[in-house]
Amino acid sequence: MSEPSKVIHIRNVGHEIAESDLLQLLQPFGVVSKIVMLRAKNQALLQMEDIHASVSALQYYTSVQPSIRGRNVYMQFSSHQELTTDQSSHGRNSDQESEPNRILLVTIHHMIYPITVEVLHQVFKAYGFVEKIVTFQKSAGFQALIQFHSRQEAVEAFGSLHGRNIYDGCCQLDIQYSNLSELQVHYNNDRSRDFTNPSLPTERPRAPQQGYPDPANLYAFQQAGASFAQMGRAAMIAAAFGGSLPHGVTGTNERCTLIVSNLNTDKIDEDKLFNLFSLYGNIVRIKILRNKPDHALVEMADGLQAELAVHYLKGAILFGNKLEVNYSKYPNITPAPDAHDYLNSSLNRFNSNVVKNYRHCCSPTKMIHISALPQEISEESILNHVSEHGTVLNTKLFEVNGKRQALVLFGTEEEATEALVSKHASTLEGNTIRISFSQMQSI
């Protein structure tokens with residue numbers, strides 16, 4: 001390994017990988033102060049704020065293979081100890097910028113999902129009254145002209161939004177001032193809009209742009225006038241799965257309630273089912289059927305999360321029984337004393353870190369990842385906590401961004417699954433720990 005440096009050299013950075021993707025890999029370890037994208041060489045240089053952060057990152061990624069959008073990337077210390085301001089691709093050279101103007105020219109980089117006027121309006125209206133928007137396709141990519149009521153509003157939007165992503169991990173905003181004085185809008189549709197003249201005629205909306213994945217039917221949401229939050233969530237999911245959903249997952253399922261059968265009635269309960277199914281989405285309610293105690297209904301927050309649970313859990317072994325997971329004929333679970341409600345549970349995993357949680361979705365593995373551990377925890381304490389569930393082959397205790405975490409390798413997937421459903425959200429030395437499956441093959 002090269003001499004430690006604040007600068008990390010990353011190789012195999014494909015053209016589909018954006019700066020924001022690289023930031024997601026390294027920001028958990030500290031502030032990334034500068035980035036240089038070497039596109040011609042499929043490489044990048046990232047400078048951390050201090051050498052401790054870069055050392056922590058490389059120590060972690062020696063045991064965990066970093067991957068972006070299904071592509072493995074490779075890290076090492078750079079021979080550079082510092083990146084100069086001229087090298088860095090963060091920020092812009094002010095000499096190249098036009099004079100401030102109330103019309104902004106916006107280019108969307110790494111656009112894995114179509115962007116419409118509605119999406120842009122939701123983003124930019126926070127900074128002032130948006131009068132007009134015109135979108136178009138150029139050689140530089142998808143672009144838009146956005147006209148504010150005043151120059152000051154445009155300046156504020158520029159300062160706040162340039163370089164940021166519309167969605168987590170994609171659709172980066174590259175903003176310049178336009179030299180136009182007034183936009184001409186002839187139609188109000190998904191490509192152009194005059195918000196000062198709602199009576200303009202419309203055209204037939206175009207179909208989704210070819211070449212972009214549509215795993216969560218985002219275009220249908222747009223045509224139905226769904227909220228920006230819904231559209232943002234769908235695109236985040238696409239970004240998390242590398243631009244397309246796992247093979248066999250359609251993203252079009254609308255059924256949220258699942259029927260789970262062949263449960264071990266002596267050992268299963270609603271909380272254990274919650275611990276397992278919450279790996280794939282937020283849980284609304286769970287009900288074990290009184291007349292069929294080896295059956296349970298599980299209501300997920302939406303159809304895609306339910307589809308992921310079916311995809312990854314069908315045939316999984318839990319407490320010696322092979323699970324059957326299918327869609328229920330019931331659209332939801334009616335609130336009742338025998339139905340456990342998890343709608344507002346703080347233990348629902350997808351209330352935060354949504355992209356990371358989707359990225360980590362997988363079938364049960366032999367390895368569990370434990371987080372939220374006490375700082376002074378020992379491997380012995382972790383072993384004592386989980387070893388009753390099977391043969392532990394190996395453990396590793398490590399630290400990420402100052403937080404203690406652990407990997408525990410069991411002899412079988414069934415043993416790891418039992419440990420997860422039994423000990424996720426349990427208390428260990430005063431901390432409520434979190435457990436998920438790790439996709440690593442060995443420690």
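As the structure is a prediction and not an experimental result, all values here were calculated from the model. (Residues numbered from 1 in each chain as written. Predicted model: local features only at pLDDT ≥ 70, side-chain atom pairs only at ≥ 80, totals over all residues. Heavy atoms only, no water.)

The sheet built from four strands is open, its strands ordered β21-β22-β20-β25 with antiparallel pairing. In the strand order of this sheet, the two ends are held by β21 (392–400) and β25 (434–437), each with one partner. Across this sheet, the average inter-strand angle for adjacent strands is 20 degrees, counted without regard to direction. Relative to strand β22 (residues 403–410), β21 runs antiparallel, the two sharing eight bridges. Looking at β22, one finds that Val 392 is bridged to Phe 410. (Pairing = 2+ DSSP bridges. Helix = DSSP H or I, 4+ residues; strand = E, 2+ residues; numbered from the N terminus. Axes fitted to C-alpha atoms, helices over the stretch in contact; angles between N-to-C directions.)

Our next topic: the sheet that holds strand β2 (residues 32–38). Pairing is antiparallel across the open sheet formed by four strands, whose spatial order is β2-β3-β1-β6. Pairing within the sheet leaves two strands with one partner each, and these edge strands are β2 and β6 (74–77). Taking the axes of each pair of neighbouring strands and ignoring which way they run, one obtains an average angle of 20 degrees across the sheet. Looking at chain direction, β2 and strand β3 (residues 43–48) are connected through six bridges and run antiparallel. Residue pairing across strands places Val 36 opposite Leu 45, the latter belonging to β3. Of the strands in this sheet, β1 (7–11), β2, β3 and β6 touch helix α1 (residues 19–26), which is tilted by about 135 degrees from β2. Sitting on the sheet, helix α2 (residues 51–61) touches β1, β3 and β6, and the angle it makes with β6 is about 140 degrees. (Contact = heavy atoms within 4.5 Å.)

Overall, the coordinates contain 12 salt bridges when judged by the stated rule. The partner of Glu 131 in a salt bridge is Arg 102, and the shortest N-O contact between them spans 2.9 Å. Of this pair, Glu 131 sits in strand β8 (residues 130–138) while Arg 102 sits in the loop between β6 and β7 (103–109), placing them 29 residues apart in sequence. Among the ionic contacts, a cluster of salt bridges with common partners joins Arg 102, Glu 131, Lys 132 and Glu 182. (Salt bridge = Lys/Arg side-chain N within 4 Å of Asp/Glu carboxyl O.)

Moving on, we come to the packing of helix α7 (residues 270–277) against helix α11 (residues 413–423). Relative to each other, α7 and α11 sit at 115 degrees, their axes nearing to 7 Å. As for how α7 packs across α11, the hand of that crossing is right-handed. Counted together, Lys 272, Asn 275 and Leu 276 of α7 and Thr 417, Leu 420, Val 421 and Ser 422 of α11 form the full contact between these two elements. Among the residues forming the contact of α7 with α11, the class breakdown is three nonpolar, three polar and one charged. (Left-handed = near helix turned anticlockwise from the far one by under 90°. Nonpolar A, V, L, I, M, F, W, Y, C, P; charged D, E, K, R; others polar.)

Within the secondary structure layout, Asp 294 lies in the loop between β14 (283–288) and β15 (296–300). C-alpha separation for the pair Asp 294 and Thr 265, spaced 29 residues apart in sequence, amounts to 5.6 Å.

A few words now on helix α8 (residues 303–313). Counting buried residues along α8, 10 of its 11 residues qualify, which places the element largely inside the surrounding structure. Considered for burial, the residues of α8 that qualify are Gly 303, Leu 304, Gln 305, Ala 306, Glu 307, Leu 308, Ala 309, Val 310, Tyr 312 and Leu 313. Two or three places before Leu 304, at the opening of α8, Asp 302 has a side-chain oxygen 3.1 Å from that residue's backbone nitrogen. (Buried < 20%, exposed > 50% of the residue type's maximum accessible area, 1.4 Å probe, protein only. Polar contact = N/O pair within 3.5 Å; in protein donor to acceptor, adjacent residues only side chain to side chain.)

Let us now look at the nonpolar core. Counting 53 residues, the largest nonpolar core has Phe 277 and Ile 370 as the members making the most contacts within it. Examining the composition of this core, we find that seven residues originate from one element, α8, more than from any other. In this structure, this core is formed jointly by two domains, domain 3 (235–356) and domain 4 (364–437), each of which donates at least three residues. By size, the runner-up hydrophobic cluster in this structure holds 31 residues, among which are Val 64, Val 73, Met 367 and Phe 398. (Core = buried A, V, L, I, M, F, W, Y, C linked by side-chain atoms within 4.5 Å. Domains from an automatic or database assignment.)

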